[in-house]
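Residue-level structural notes
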Amino acid sequence: MADLFELSQLASYIQQDLDLASAELARMLTTTLIRNEVGAARYDAIADLSPFLPVALDVARRILDPNKGKRSSTRAIDDYTETDQYDTSTTNAPELTEGERAEVRAAAGVSSGGAFTIRPAGSRPSVTCGRETPWHSV
């Protein structure tokens, strides 16, 4: 499986030194996510992976820095202090967002559309011998 990016590209993107083992893991997880979204056979047949680079670097950054997008609040009563962190981002887990999925599919030339039918809920009119009957009695 071809690498989506070099570790030096990731270090430059997040502008900090990388722990080699963590960076390798982030690259492997990112590659797996994108490969699964595209489909293994299609991904393996793609010669130029550069269209995936912007999404790949962003996903790897999220994996390496799970605190990105978190805020904290501190409460103090007398000599007791308590700090809470809460998440303000859409995701910190190693997964693709809907927007990233769309970008990956577009870069791979995969159509996101499929055949489907929207059917309204409730009763379905049906004609039997010239009269309508509720759907549950058909």
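One structure accompanies this document, and this report is about it. Each chain has its residues counted from 1, running along the sequence as written. Since the coordinates come from a predicted model, pLDDT governs what is reported: local features require at least 70, and pairs of side-chain atoms require 80 or more to be given and counted, while whole-chain, interface and lining totals use all residues. For side-chain calculations, the full set of non-hydrogen atoms in the structure is used, while hydrogens and water are omitted.

**Some details on helix 2 (residues 20-38)**
Along its 19 residues, helix 2 runs 27 Å from first to last C-alpha, staying within 8% of the 27 Å computed at 1.5 Å per residue. Every buried residue of helix 2 is accounted for by A23, A26, R27, T30, T31, I34 and V38. Buried residues of helix 2 fall within an arc of 130° about the axis and therefore sit on the same side. Opposite the buried face of helix 2, by more than 90 degrees, sit the exposed residues A21 and N36. Close packing links the buried residues of helix 2 with helix 1 (7-14), helix 3 (40-45), helix 4 (53-64) and helix 5 (98-108). Each helix corresponds to a stretch of at least 4 residues labelled H or I by DSSP, and each strand to a stretch of at least 2 residues labelled E; elements are numbered beginning at the N terminus. Note on helix 2: the residue one or two positions beyond its end, G39, has a positive phi of about 105°. In this analysis, the expected span of each helix is defined as 1.5 Å times one less than the number of residues it contains. For the exposure calls, accessible area comes from a 1.4 Å probe over protein chains only, and a residue counts as buried if that area is under 20% of its type's maximum, exposed if over 50%, partly exposed in between. In this context, the arc is that of the directions from the helix axis out to the C-beta atoms. The contact definition used throughout considers only heavy atoms, calling two residues in contact when any of these lie within 4.5 Å.

**A few points about unusual backbone geometry**
Across the chain, the bulk of peptide bonds are trans and the bulk of non-glycine residues have phi less than zero. With a phi angle near 55°, Q15 is a residue other than glycine that sits in the positive phi range. With respect to the helices and strands, the residue Q15 is situated in the loop between helix 1 and helix 2.

**A few points about the packing of helix 1 against helix 4**
Geometry is summarised by axes, namely lines fitted to C-alpha atoms with helices restricted to the contacting stretch, and by angles between N-to-C directions that run from 0 to 180 degrees. Packing of helix 1 against helix 4 brings their axes to within 10 Å, and their N-to-C directions diverge by 70°. Taken together, helix 1 and helix 4 sit at an angle that is classed as roughly perpendicular. The segment helix 1 lies against helix 4, with Q9, L10, Y13 and I14 engaging L53, L57, D58, A60, R61 and L64. Angles below 35 degrees are treated as roughly parallel, those above 145 as roughly antiparallel, those between 65 and 115 as roughly perpendicular, and all remaining angles as oblique.

**Focus: the pattern of salt bridges**
A side-chain nitrogen of Lys or Arg and a carboxyl oxygen of Asp or Glu constitute a salt bridge if their distance falls within 4 Å. Counting across every chain of the model gives nine salt bridges. As a salt-bridge pair, E37 and R101 come within 3.4 Å of each other at their nearest N and O atoms. Highlighted residues: E37 in helix 2 and R101 in helix 5, separated in sequence by 64 residues. Taking the relative accessible area as the measure of exposure, E37 reaches 22% and is therefore partly exposed. Relative accessible area serves as the criterion here: at 26%, R101 is assigned to the partly exposed category. Salt bridges linked by common partners bring E37, E98, R101 and R105 together as one network.

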